[in-house]
Protein chains: 2
Amino acid sequence: MPTLSSMTKEQLTAKLSRLKAIYQDYKSKNLSLDMSRGKPCTEQLELTMELADCVNARTGAVSAKGIDTRNYGFVDGIAEMKSLFGEILGLPSDNVIVGGNSSLNLMFDYVAQAYATGICGNTPWCRLPEIKFLCPVPGYDRHFAVTEHFGISMICVPMTDDGPDMDLVEELVKDPAVKGMWCVPMYSNPDGITYSDETVRRLARLHPAAKDFRILWDNAYCVHHLTDTPDTLLNLYEESKAAGNEDIAIYFTSTSKISFPGSGVAAVGGSAANIADITKRLSVQTIGYDKQNMLRHARFFKDMDAVTNHMKLHAAILRPKFDIVLTTLQNEIGDLNIADWHTPNGGYFVSVSLMEGCAKAVVNMLKEAGVALTGAGATYPYGNDPKDSNLRIAPTYPPCDELQIAMNLFCVCVQIVSIEKLLQQ
Amino acid sequence: MPTLSSMTKEQLTAKLSRLKAIYQDYKSKNLSLDMSRGKPCTEQLELTMELADCVNARTGAVSAKGIDTRNYGFVDGIAEMKSLFGEILGLPSDNVIVGGNSSLNLMFDYVAQAYATGICGNTPWCRLPEIKFLCPVPGYDRHFAVTEHFGISMICVPMTDDGPDMDLVEELVKDPAVKGMWCVPMYSNPDGITYSDETVRRLARLHPAAKDFRILWDNAYCVHHLTDTPDTLLNLYEESKAAGNEDIAIYFTSTSKISFPGSGVAAVGGSAANIADITKRLSVQTIGYDKQNMLRHARFFKDMDAVTNHMKLHAAILRPKFDIVLTTLQNEIGDLNIADWHTPNGGYFVSVSLMEGCAKAVVNMLKEAGVALTGAGATYPYGNDPKDSNLRIAPTYPPCDELQIAMNLFCVCVQIVSIEKLLQQ
């Protein structure tokens, strides 16, 4: 197949006309398909249904250390979940606080704490004229929404195949107004990139001008492998500790995509100083998170091996879906030189880079034909992708047959929009 | 029995000596008893154990309106719990957001929102030189901890038998720096007082200088009756709406003392404008609270009648405990004119007012003998009871036999400290 840019105007016009007829056919089908959010599908949710029976009248609700999980108290969670999350995050269990059902909530609350009352005795961010955050792009829209909510200025840092551009990061943190950085270090949202060892080492040794600069290390996909050759991520906590810099990062994860998105368990971790700082606020904010749900999870998952095995069940459901996305992209537009994408070894997304100025138009065409995609620009701060190029495909939720139709249509739309772009030039 | 103040010095000295011998006896028993926190006891927790079986592989996890409660989304909660909390709080279900396991957390987050980003478009409190809150006293220590955390100045408003002193409240809200007021309107913590109709009506018609003044209406004990002649509370929402003043209050409650303290469901309610304002923040803070736990509760409790009946089971467990406290107080120190207390029709506490300057000493004596009581002063902002007089007894957690011992000792200590006080005068 020739690349589009090597075709004549007449060839492009003829191809466009054929593609538009195909698009109209799809449109007449009144589709209603959704590739917009990283939601597990029903089959995945079924994997964990026995969790419900792990705490009830027969089993009792007493934790390994004798805590009645039904009652008040223990703001840092029960020991067995601290320990499991410690293994997942690569932190000592004492350095982990087990939260509610949402790691996003823990992140929001941490930024809120920094804003309202300050981090580890530093000036609250609300008392400073400007606060800036580094945002690797493309990135996660809900991260950007949190920083925007608090009026924090977001500075884009381009992602490379090794993670965020570290030369730029090291330069930018010389500005004392730069107080934080969002990171999804493993199977990044949306690119599926895992930070290289060198990137993690440079982050571990980062010495920002601001003493209260924190990397918000959202390790959402750390056990979410899709292949038998998973990526590996260097342990930032160990590296930063070895560099005498262990306060640099706050660690987040959850079981949202291990057990249940709406009723999993989340965790926040960090150095002793950071954990003490968070605990001080948390002890005012709540008497304790849901320990019964922690106990359900601890009993169901038991240990890290069980988690790893459970994630293989998820992968078995998800791999065919990722295959549909990647195979369709390759077969339909792989040789046209109009789009690039990564082939992730894990995570929840395939991120596609189109020719400049094409992303919004593709999303609109798909929407008109009944296919929901994450909004163009959503992967950039303020919803503003300066090149209007990046799209995030979330293949996990729709059934395979629907996903195949949606991807076929996606490739039709990408071609139509790209050809129209080329014809305008 | 003569009052202590009518006794001669010699009589007092002789009595003191007898009491001290009794105290030493108790001390030698190495007791370890706890009347410090409003924690349900194990028998109460057993009442709700079938809740665990309300959502599992057999029942499925789909809500009445077809929502898969396991997955993401629905930041305001599921319809059946919005409706049940609407009935509990006396609000339309559209005016209710169902939260996580902690109403304290919802209150903290609301104050945090007001502080960081402002209420309904008003100036964030962090941008103002001083913020003040009205705190009916004695009150709930965790409320005071939240306001103190954000550096909010707390102004004490004395409780009367009808609720907070409304003449004073109406005067104080003329100050535009006064932005809020804590209220536990039914079976107040710690006095067990329910606000009179007139108090509720005056609160409903309150027109503070600050447009973003809010009553934080913590209706924690609204269905927590202990007797067959429960108190009744006028509906503040209806009253304020009728007065065209429905933005004045934010409503909170939870099932913490209906189902499980650590893994119940909490709710926040308010006017349409207030709910929209909270939802705007909440949509950034989380993708949704634990809907499976909501569904468990909705299926277990079904409707308001079921809640009412369930609370009778709690009352049957708690009434003998309150009887021990009240009967012992009456029998041991009722005629001595050294202490006053209310006889609550519900709630979790008995609040005792001692002679000035006696509360700390009593707590210390009890502690030395192995009985934990809520710290003296805890019922006042900054832990500072200016008269050092109020003590909060929490009778729910200890078994009856332990409670009886603890109350006997309590009365011994109160007499010792009071006599020592009288002898010093």
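In this text the structure is predicted, and so the values were computed from the model without any measurement.

1. Digging into the overall build of chain A
Here is step 1: A tally of regular secondary structure across chain A gives 13 helices and 13 strands.
Here is step 2: Principal axes of the C-alpha set define a box for chain A whose edges measure 75 × 55 × 35 Å.
Here is step 3: Per-residue burial for chain A yields a buried fraction of 57% across its 425 residues.
Here is step 4: Within chain A, contacts between residues at least 6 apart in sequence are counted, and of these 77% link residues at least 24 apart.

2. Section: the nonpolar core
Here is step 1: Counting 274 residues, the largest nonpolar core has Val362(A) and Val362(B) as the members making the most contacts within it.
Here is step 2: With near-sequence residues (within four places) excluded, Val362(A) lies in contact with Leu354(A), Leu391(A), Cys413(A), Val414(A) and Val417(A).

3. Topic: the interface of chain B and chain A
Here is step 1: Listed per partner, the contact involves 45 residues of chain B and 44 residues of chain A.
Here is step 2: Looking at the side of chain B that touches chain A, the elements with two or more residues in it are helix H2 (42–46), helix H4 (103–116), helix H5 (141–149), helix H9 (272–285) and helix H10 (291–301) of chain B.
Here is step 3: For the side of chain B that touches chain A, the element with the most residues is H4(B), which contributes 6 residues.
Here is step 4: For the side of chain B that touches chain A, the residue count by class is 21 nonpolar, 17 polar and 7 charged.

4. Structural notes on the packing of helix H3 (residues 79–89) of chain B against H10(B)
The packing of two helices is summarised by the inter-axis angle and the distance between the axes.
All names here are of chain B.
Here is step 1: Two elements in contact, H3 and H10, have axes whose closest approach is 9 Å; the angle formed by their N-to-C orientations is 60°. Relative to H10, H3 is oriented oblique. Like other packed secondary-structure pairs, H3 and H10 cross with a definite hand, here left-handed. For the pair formed by H3 and H10, the contact residues are Glu80, Met81 and Leu84 on the first element and Met294, His297, Ala298 and Phe301 on the second.
Here is step 2: The residue makeup of the contact of H3 with H10, split by class, is 5 nonpolar, 1 polar and 1 charged.

5. Some words on the domain arrangement of chain A
A common way to report how large an interface is uses the accessible area buried once the components associate.
Residues and elements named next belong to chain A.
Here is step 1: Split into domains, chain A comes out as domain 1 (4–44 + 308–424) and domain 2 (62–302).
Here is step 2: The C-alpha centroid of domain 2 is placed 30 Å from the C-alpha centroid of domain 1.
Here is step 3: Between domain 1 and domain 2, the contact holds 25 residues from the first and 28 residues from the second.
Here is step 4: Broken down by secondary-structure element, the contributors of at least two residues to the side of domain 1 that touches domain 2 are helix H11 (304–333), strand S11 (350–354) and strand S13 (390–393).
Here is step 5: For the side of domain 1 that touches domain 2, the element with the most residues is H11, which contributes 7 residues.

6. Overview of the sheet that holds strand S7 (residues 214–218) of chain A
Across a sheet, paired strands are connected by hydrogen bonds in the backbone, their directions being either parallel or antiparallel.
Residues and elements named next belong to chain A.
Here is step 1: Spatially, S2-S9-S8-S7-S6-S3-S4-S5 is the arrangement adopted by the 8 strands of the open sheet, whose pairing is mixed. Sheet topology places strand S2 (96–98) and strand S5 (163–164) at the edges, where each strand pairs with a single neighbour.
Here is step 2: Taken together, the 3 bridges between S2 and strand S9 (residues 266–269) define a ladder with antiparallel strand orientation. Counted as the bridge partner of valine 98 is alanine 267 from S9.

7. Quick look at helix H5 (residues 141–149) of chain A
One turn of an α-helix holds 3.6 residues; hence residues three or four places apart share an orientation.
Here is step 1: Burial in H5(A) covers these residues: Asp141(A), His143(A), Phe144(A), Val146(A), Thr147(A) and His149(A).
Here is step 2: Contacts from the buried residues of H5(A) go to helix H4 (103–116), strand S3 (132–137), strand S4 (153–160) and strand S6 (178–183) of chain A together with H9 of chain B.
Here is step 3: Count one or two residues on from H5(A) and you reach Gly151(A), which has phi positive near 70°.

8. What about the pairing of strand S6 (residues 178–183) of chain B?
Residues and elements named next belong to chain B.
Here is step 1: For S6, a buried count of 6 out of 6 residues is recorded, marking the element as mostly surrounded by other parts of the structure.
Here is step 2: Relative to S6, strand S3 (residues 132–137) runs parallel, the two sharing 3 bridges. By the bridge assignment, lysine 132 is partnered in S6 with valine 178.
Here is step 3: Examined bridge by bridge, S6 and strand S7 (residues 214–218) share 4 bridges and lie parallel to one another. The residue of S7 that forms the bridge with glycine 180 is arginine 214.
Here is step 4: In this region the chain leaves S6, passes through helix H7 (residues 197–204) and returns to the parallel neighbour S7; the handedness of that crossover is right-handed.

9. Considering the sheet that holds strand S9 (residues 266–269) of chain B
Residues and elements named next belong to chain B.
Here is step 1: If you walk across this open sheet you meet the 8 strands as S2-S9-S8-S7-S6-S3-S4-S5, and the pairing is mixed. Of all strands in the sheet, those bounded by a partner on one side alone are strand S2 (96–98) and strand S5 (163–164).
Here is step 2: Bridge count for strand S4 (residues 153–160) against S5 is 2 bridges, and the pairing is antiparallel. Along S5, the bridge assignment pairs methionine 159 with proline 164.

10. So, the relation of the copies chain B and chain A
Here is step 1: It takes a turn of 180° to lay chain B on chain A, together with a shift of 0.0 Å along the axis; the resulting RMSD is 0.0 Å. Look at the turn and shift together and you get a two-fold axis relating the two. Among all C-alpha atoms of chain B, that of Ala116(B) lies closest to the rotation axis, at 3.0 Å.
Here is step 2: Residue by residue, 96% of the interface of chain B is reproduced at the interface of chain A, so both copies engage with the same surface.

11. Here's the deal with the environment of Ala361(B)
Residue and element names in this part refer to chain B.
Here is step 1: Within the secondary structure, alanine 361 is located in helix H12 (residues 359–368).
Here is step 2: Accessibility expressed as a C-beta count within 10 Å gives 19 for alanine 361, which makes it partly exposed.
Here is step 3: A C-alpha to C-alpha distance of 44 Å links alanine 361 and leucine 51, two positions 310 residues apart in sequence.

Reading the values: the criteria
- Residues numbered from 1 in each chain as written.
- Chains lettered and ligands numbered in written order.
- Predicted model: local features only at pLDDT ≥ 70, side-chain atom pairs only at ≥ 80, totals over all residues.
- Helix = DSSP H or I, 4+ residues; strand = E, 2+ residues; numbered from the N terminus.
- Buried ≥ 20, exposed ≤ 12 C-beta atoms within 10 Å, placed from the backbone.
- Contact = placed C-beta atoms within 7 Å.
- Core = buried A, V, L, I, M, F, W, Y, C linked by C-beta atoms within 7 Å.
- Nonpolar A, V, L, I, M, F, W, Y, C, P; charged D, E, K, R; others polar.
- Axes fitted to C-alpha atoms, helices over the stretch in contact; angles between N-to-C directions.
- Parallel < 35°, antiparallel > 145°, perpendicular 65-115°, else oblique.
- Left-handed = near helix turned anticlockwise from the far one by under 90°.
- Domains from an automatic or database assignment.
- Pairing = 2+ DSSP bridges.
- Right-handed = clockwise from strand over helix to strand, strands pointing away.
- Least-squares fit on C-alpha atoms with pLDDT ≥ 70 in both.

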